[in-house]
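Inside the fold
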Amino acid sequence: MKAIYLTGFMGAGKTTVGKRLGEVLQLPVIDTDAYIEQQVGKTIADIFAEEGEGVFRAYEREVLKKLPTEHIVITTGGGIVIQEENRRFMSNHGIVIYLHCELHELFRRLADDATRPLLMENKQSQMKQLFEQRLPWYRQAHITIDTTNRTVDDIVETIVSLLKSSRF
Ligand SMILES: Nc1ncnc2c1ncn2[C@@H]1O[C@H](COP(=O)(O)OP(=O)(O)O)[C@@H](O)[C@H]1O
Ligand SMILES: O=C(O)C1=C[C@@H](OP(=O)(O)O)[C@@H](O)[C@H](O)C1
Ligand SMILES: [Mg+2]
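Below or above, wherever it landed, is the structure these notes cover. Bear in mind that the values here come from a model prediction, so they are computed numbers and not experimental data. (Residues numbered from 1 in each chain as written. Chains lettered and ligands numbered in written order. Predicted model: local features only at pLDDT ≥ 70, side-chain atom pairs only at ≥ 80, totals over all residues. Heavy atoms only, no water.)

On to the packing of helix α3 (residues 44-51) against helix α4 (residues 53-66), then. Contact geometry for α3 and α4: axes closest at 7 Å, N-to-C directions at 130 degrees. Classified by the angle between their axes, α3 and α4 sit oblique to one another. Taken together, the residues of α4 that come into contact with α3 (itself represented by I44, I47, F48 and E51) are E53, V55, F56, R57 and Y59. Taken together, the residues that form the contact of α3 with α4 break down as 6 nonpolar, no polar and 3 charged. (Axes fitted to C-alpha atoms, helices over the stretch in contact; angles between N-to-C directions. Helix = DSSP H or I, 4+ residues; strand = E, 2+ residues; numbered from the N terminus. Parallel < 35°, antiparallel > 145°, perpendicular 65-115°, else oblique. Contact = heavy atoms within 4.5 Å. Nonpolar A, V, L, I, M, F, W, Y, C, P; charged D, E, K, R; others polar.)

And the structure:
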């Protein structure tokens, strides 16, 4: 099976859903953020603070290309879709699943979060702008799932049945 790439805005549940999906499908799971943190030896917040977002985006691009493209679930960072090159790579090499979530629910889920630099630095109105700017890129996915009022297990079940019944 081709790689499964989970995309979506911060808080959509990519990391959480991906872990469970990997268990159910018995596939290894790699989270690009966790992978970068391990390779660089710094948290995402420290990379942003010390090296800047541009350097983080370069790490993200490099990592995406060197990860396996078969028999794997890859959970991406919310900004992976910013770079056209990344969108094309994921689309050509795997099955891209966009986890959609309404903004009010994203804010609710991330209310106590202190690990995401963009969330810490920006007001809600700026996050809304970022969300709207990225929506058309997220929508280019092969599959879209609205996660707003759904549990992780329910979302995983939907993904598994869509994968079974589709041409993927
Ligand atoms: N379907 C869901 N319903 C409610 N809370 C969720 C759901 N999916 C994820 N969460 C919670 O939202 C937060 C962000 O999830 P995470 O998997 O880190 O998102 P992402 O990787 O997309 O940024 C976590 O606290 C997680 O437990
Ligand atoms: O949306 C973004 O630009 C980012 C999302 C984060 O990942 P999650 O989507 O897993 O929160 C992480 O990659 C970084 O903080 C930047
Ligand atoms: Mg994540």
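From this point, things continue past the structure.
Bringing the pattern of salt bridges into the picture now. Taken as a whole, this structure holds 13 salt bridges when the rule is applied. Across the salt bridge formed by D153 and R20, the nearest N and O atoms sit 3.1 Å from each other. Here the residue D153 occupies a position in helix α9 (residues 152-165), and R20 occupies one in helix α1 (residues 14-25), the gap between them amounting to 133 residues. By relative accessible area, which is 46% here, D153 ends up partly exposed. Exposure remark for R20: the relative accessible area of 33% places this residue in the partly exposed category. (Salt bridge = Lys/Arg side-chain N within 4 Å of Asp/Glu carboxyl O. Buried < 20%, exposed > 50% of the residue type's maximum accessible area, 1.4 Å probe, protein only.)

It is worth spelling out the sheet that holds strand β3 (residues 73-75) at this point. Pairing is parallel across the open sheet formed by 5 strands, whose spatial order is β2-β3-β1-β4-β5. The sheet is open, and its two borders are formed by β2 (29-31) and β5 (143-146), each paired with just one other strand. Neighbour to neighbour, the strand axes of the sheet diverge by 20 degrees on average, direction disregarded. Note: strand β1 (residues 3-7) against strand β4 (residues 94-100), 5 bridges, orientation parallel. Bridge pairing in β4 links L6 to I97. (Pairing = 2+ DSSP bridges.)

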